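Structural overview
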Amino acid sequence: MMILAGIYFAFMVVLLFGITIFVHELGHYLVARWCGMVVDVFSIGFGPALWKKEYKGITYKIGCIPFGGYV
């Protein structure tokens, strides 16, 4: 039972950390677009992409190292 609680806790920490990173980077993205800047990449996580999609000239991706993000 304790192992399941630990796995659940670790999953929730990663999930909430990911949501926080997403909202933070979304702020950078929106301000950059409103100011007329060109955005090349919107990434949650660093390193090689686990998932990547290009849409209207912007590459959206999820990196394999979930300790931040960048625009």
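Structure's up top.
Residues numbered from 1 in each chain as written. Predicted model: local features only at pLDDT ≥ 70, side-chain atom pairs only at ≥ 80, totals over all residues. Heavy atoms only, no water.

1. Things to note about the overall build of the protein
Note the cut-off: Runs of H or I in DSSP of at least four residues are treated as helices and runs of E of at least two as strands, each being numbered from the N terminus. Within these notes, the globule rule equals 2.2 Å times the number of residues to the 0.38 power, and the radius of gyration is based on C-alpha atoms. For every residue, the accessible area (1.4 Å probe, protein chains only) is compared with the maximum for its type, and the residue is labelled buried under 20%, exposed over 50%, or partly exposed between those bounds. The contact criterion used throughout is that any non-hydrogen atoms of two residues lie within 4.5 Å.
Within the protein, the secondary structure is distributed over one helix and two strands. N-terminal to C-terminal, the α/β element order of the protein is α-β-β. Taken over C-alpha atoms, the radius of gyration comes to 15 Å for the protein, far larger than the 11 Å a tight globule of 71 residues would show. Seen through its principal axes, the protein has C-alpha atoms that stretch 50 × 20 × 15 Å. With 71 residues in all, the protein has 21% of them scored as buried. Counted over contacts in the protein with a minimum sequence separation of 6, partners at least 24 positions apart contribute 31%.

2. Quick word on a nonpolar patch on the surface
Heads up, the condition is: Patches here: salt-bridge-free residues with over 30% relative accessible area, like charges joined within 9 Å, nonpolar side chains (Val, Leu, Ile, Met, Phe, Trp, Tyr) joined within 5 Å. All accessible-area figures derive from a Shrake-Rupley calculation using a 1.4 Å probe, and residue coverage is judged against the displayed protein chains alone. By convention in these notes, a salt bridge is any Lys or Arg side-chain nitrogen within 4 Å of a carboxyl oxygen on Asp or Glu.
Judged by side-chain polarity, F11, L15, L16, I19, F22 and V23 come together as a nonpolar surface patch covering roughly 570 Å² of accessible area. Look at L15 and you get partly exposed, because its relative accessible area is 38%.

3. Some thoughts on helix α1 (residues 2-34)
Let me state the cut-off plainly: Residue count minus one, scaled by 1.5 Å, sets the expected span of a helix.
Relative to the 48 Å expected for 33 residues at 1.5 Å per residue, α1 spans 48 Å between its end C-alpha atoms, a close match to the ideal helical length. Every buried residue of α1 is accounted for by I21, E25, Y29 and A32. Those residues of α1 that are buried are in contact with β1 (41-55) and β2 (58-70). One or two steps after α1, the chain reaches G36, where phi turns positive at roughly 85 degrees.

4. Let's talk about the nonpolar core
The test is simple: In plain words, nonpolar cores are sets of buried Ala, Val, Leu, Ile, Met, Phe, Trp, Tyr and Cys residues tied together by side-chain atoms within 4.5 Å.
If you look at the biggest cluster of nonpolar residues, it comprises seven residues: I21, Y29, A32, V39, F42, I44 and I58. Broken down by element, this core gets its largest block of residues, three residues, from α1. Residues in contact with Y29, not counting those within four places in the same chain, are V39, F42, I58, Y60 and V71.

Geometric values such as these leave the question of function open.
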